[in-house]
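What follows is the residue order along each chain.
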Amino acid sequence: MKPLNVAIVGCGFMGRTHSNGYAQAPHFFESEYKPVLKAVCARNRENAQRFADVWGYESVETDWRELLKRDDIDAIDVCTPNHLHQEISVAAAEAGKMVLCEKPLAMNQAEGEAMCQAVEKAGVPNMVWYNYRRVPAVTLAKQLIDEGRLGKIFHYRANFLQDWTISADVPQGGAATWRLDADSAGSGVTGDLLAHCIDTAIWLNGGINDVTAMTETFVKERVHAETGEKKPVKIDDACSFLCHFENGSLGLFESTRYARGHKALYTFEINGENASIRWDLHDLHRLEFFDHHDDSVVRGWRSVHISDGDMPYMGNWWVPGLNIGYEHTFIHQVADFLKSLETGEPFHPSFRDALLTQKVCDAVLASANERAWKTV
Ligand code: SOE
């Protein structure tokens, strides 16, 4: 097996999901390549060392620039807050490293464009961790749509609902709450949650032409965790938008961190001329399917349990009837990335694919600010 020497920058929640992906992929998916966990980088050496001990990283760095000088590292995994994605990814590409970047690609379209140019100029493999494409039920939805089973698509509807920032005592900034600080995150739910919905939507239903959006920031001031100072909150707590897809269908998207009772309710529904599809992250191994061609006396929504060996990815897991979960989406992403290295086929979503989502996010925020339709 050829080693793929990986260094990860950042060791929070996402660092764990990716590390588990590297560790598990070779156990379940055959490949010429095997990820080797070479280094973890974090500003705090103790945190990095603890992470290295848990996940089996061979070494620790506290400055990501040191990783780029090392010949024993092939790929840089950027798991930092969003404001560091561009600088690290561009420098990594210029150093000839493959770049695997956490979503969203960047703080905005201009940064994203610079990142695409850097990886393309360097000719290095690249990918963005929009992991929900690789939930087997979502991959199956893509197959059903591509086979034409839905026919002409009229509607695409998606939600991503959470409730973890309702309390005004949640601070902004710092390790656990940087997503509330515009300087680190760029935006709120738009770049964090809607970005997932938009990536899946573009993948399943094609490009988005234009958008009209509204955002709200319900808690106007929060204490900054690092300075203790109370500062205005500049991220969007909630965002909804309407759009036109290039295929003529209409889109309706909603995301919030203020939907009491919902922790991570990502759902989508697609209505076509012949059939409809519905999916829900809380029940991620099921795909709901309605086929208008069914015999009318038994016609209705079916709930298909995605566990048989002929369903996407499932032949590599347990026996029919047994579920897999959230962490497997990252394992699938690693397995597919290794396959792309083997075959030389480009991996999707690439930086360029993720830039499309970034453009929609920018248009959504501009539309909400200006209270006007915006072309993407
Ligand atoms: C936010 O709470 C978050 O962790 C996102 O950042 C992830 O991308 C999403 O998959 C789950 O929710």
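- By the naming in an unreviewed UniProt entry, the protein chain goes by Glucose-6-phosphate 3-dehydrogenase and is assigned to Novipirellula aureliae.

1. A look at the overall build of the protein chain
Now for step 1: On a plain count of helices and strands, the protein chain comes out with 10 helices and 17 strands.
Now for step 2: The C-alpha radius of gyration of the protein chain comes to 21 Å, within 12% of the 21 Å expected for a compact globule of 376 residues.
Now for step 3: On the principal axes, the C-alpha backbone points of the protein chain span a range of 65 × 50 × 40 Å.
Now for step 4: Buried residues in the protein chain amount to 46% of all 376 residues.
Now for step 5: Excluding contacts between residues fewer than 6 apart, the proportion of contacts in the protein chain whose partners are at least 24 apart in sequence is 69%.

2. Focus: the UniProt feature "domain: GFO/IDH/MocA-like oxidoreductase" (unreviewed entry) in the protein chain
Now for step 1: Using the residue numbers shown here, the UniProt feature "domain: GFO/IDH/MocA-like oxidoreductase" (unreviewed entry) corresponds to residues 140-278.
Now for step 2: With 20% helix and 37% strand, residues 140-278 has end C-alpha atoms that lie 12 Å from one another.

3. Considerations on the sheet that holds strand S1 (residues 2-9)
Now for step 1: Taken together, the 6 strands give an open sheet; going across it, the order is S3-S2-S1-S4-S5-S6, and neighbouring strands pair in parallel fashion. Taken across any chain shown, the strands that pair with only one partner, and hence form the sheet edges, are strand S3 (59-61) and strand S6 (126-128). Going from strand to strand, the sheet's axes swing by 25 degrees on average, the running direction of each strand aside.
Now for step 2: As paired elements, strand S2 (residues 33-41) and S3 share 3 bridges and run parallel to each other. Paired with Ala39 across the strands is Ser59, a residue of S3.
Now for step 3: Where helix H9 (residues 327-343) meets the sheet, it contacts S1, S2 and S6, and its direction lies at approximately 115 degrees from that of S2.

4. Here we look at unusual backbone geometry
Trans peptide bonds make up most of the peptide bonds, and negative phi angles are found at most residues other than glycine.
Now for step 1: Residue Pro104 follows Lys103 across a cis peptide bond; omega there is -10 degrees.
Now for step 2: Within the fold, Pro104 resides in the loop between strand S5 (98-101) and helix H5 (109-122).
Now for step 3: For the bond running from His348 to Pro349, omega is 0 degrees, close enough to zero to count as cis.
Now for step 4: Relative to the assigned elements, Pro349 resides in the loop between H9 and helix H10 (351-370).
Now for step 5: Look at Arg371: it is not a glycine, yet its phi comes out positive at around 50 degrees.
Now for step 6: Mapping Arg371 onto the fold places it in the loop between H10 and strand S17 (374-375).
Now for step 7: Exposure remark for Arg371: the 9 C-beta atoms within 10 Å place this residue in the exposed category.

5. Here we look at the environment of His305
Now for step 1: Relative to the helices and strands, His305 is located in strand S16 (residues 302-305).
Now for step 2: A sequence separation of 262 residues divides His305 from Arg43, and the C-alpha atoms of the two residues are 44 Å apart.
Now for step 3: If we ignore the near neighbours within four places in the chain, the residues touching His305 are His285 and Arg286.

6. As for the UniProt feature "domain: Gfo/Idh/MocA-like oxidoreductase N-terminal" (unreviewed entry) in the protein chain
Now for step 1: Mapped onto the present numbering, the UniProt feature "domain: Gfo/Idh/MocA-like oxidoreductase N-terminal" (unreviewed entry) falls at residues 4-128.
Now for step 2: Between the C-alpha atoms that bound residues 4-128 there is a distance of 17 Å. The span itself is 46% helix and 23% strand.

7. Re the packing of H5 against H10
Now for step 1: Two numbers describe how H5 lies on H10: the axes approach to 9 Å, and their chain directions differ by 170 degrees. Taken together, the axes of H5 and H10 lie roughly antiparallel to each other. Residues Gln109, Gly112, Glu113, Met115, Cys116 and Val119 of H5 lie in contact with H10, whose contacting residues are Phe351, Arg352, Leu355, Gln358, Lys359 and Asp362.
Now for step 2: Grouping the amino acids of the contact of H5 with H10 by side-chain chemistry returns 5 nonpolar, 3 polar and 4 charged.

8. Here we look at the nonpolar core
Now for step 1: The biggest cluster of nonpolar side chains holds 104 residues, and the ones touching the most others in it are Val40, Val99, Leu194 and Val364.
Now for step 2: Those residues within four positions of Leu194 in sequence are excluded, and the remaining contacts are Phe160, Val189, Cys239, Phe253, Ser255, Cys361 and Val364.

9. Quick notes on the sheet that holds strand S8 (residues 208-216)
Now for step 1: In space, the 9 strands of this open sheet follow the order S16-S15-S14-S13-S7-S12-S11-S8-S17, with mixed pairing throughout. At either margin of the open sheet sits one strand with a lone partner, and together these are S16 and S17.
Now for step 2: Here 2 bridges tie S8 to S17, and the two strands are oriented antiparallel to one another. Note that in S17 the partner of Val211 across the bridge is Lys374.

10. Concerning the pairing of strand S7 (residues 153-161)
Along a regular strand, successive side chains alternate from one face of the sheet to the other.
Now for step 1: Bridging between S7 and strand S13 (residues 265-272) involves 8 bridges; their strand directions are antiparallel. When the bridges of S13 are listed, Phe160 appears paired with Tyr266.

11. Overview of helix H2 (residues 45-55)
Now for step 1: Those residues of H2 that sit buried are Ala48, Phe51 and Ala52. Axial view of H2: buried residues confined to an arc of 100 degrees, hence all on one face. Turned more than 90 degrees from where H2 packs its buried face, Glu46, Asp53 and Val54 sit exposed.
Now for step 2: Close packing links the buried residues of H2 with helix H1 (13-28), S2 and S3.
Now for step 3: Trailing H2 by a residue or two, Gly56 shows a phi angle of about 85 degrees, which is positive.

12. Some details on the domain arrangement of the protein chain
Now for step 1: Here the domain parsing of the protein chain yields domain 1 (2-131) and domain 2 (132-375).
Now for step 2: Distance from the C-alpha centre of domain 1 to the C-alpha centre of domain 2: 23 Å.
Now for step 3: Contact residues are listed per partner, giving 36 residues for domain 1 and 39 residues for domain 2.
Now for step 4: Put simply, the parts of the chain that give the side of domain 1 that touches domain 2 at least two residues each are H1, S2, H5 and S6.
Now for step 5: When residues of the side of domain 1 that touches domain 2 are assigned to their parent elements, the largest contribution, 8 residues, is made by H1.
Now for step 6: For the side of domain 1 that touches domain 2, the class distribution of residues is 20 nonpolar, 13 polar and 3 charged.

Criteria and cut-off values
- Residues numbered from 1 in each chain as written.
- Predicted model: local features only at pLDDT ≥ 70, side-chain atom pairs only at ≥ 80, totals over all residues.
- Helix = DSSP H or I, 4+ residues; strand = E, 2+ residues; numbered from the N terminus.
- Rg over C-alpha atoms; globule rule 2.2 N^0.38 Å.
- Buried ≥ 20, exposed ≤ 12 C-beta atoms within 10 Å, placed from the backbone.
- Contact = placed C-beta atoms within 7 Å.
- UniProt positions renumbered as here; feature names shortened; annotations may be inferred.
- Pairing = 2+ DSSP bridges.
- Axes fitted to C-alpha atoms, helices over the stretch in contact; angles between N-to-C directions.
- Parallel < 35°, antiparallel > 145°, perpendicular 65-115°, else oblique.
- Nonpolar A, V, L, I, M, F, W, Y, C, P; charged D, E, K, R; others polar.
- Core = buried A, V, L, I, M, F, W, Y, C linked by C-beta atoms within 7 Å.
- Arc of directions from axis to C-beta.
- Domains from an automatic or database assignment.

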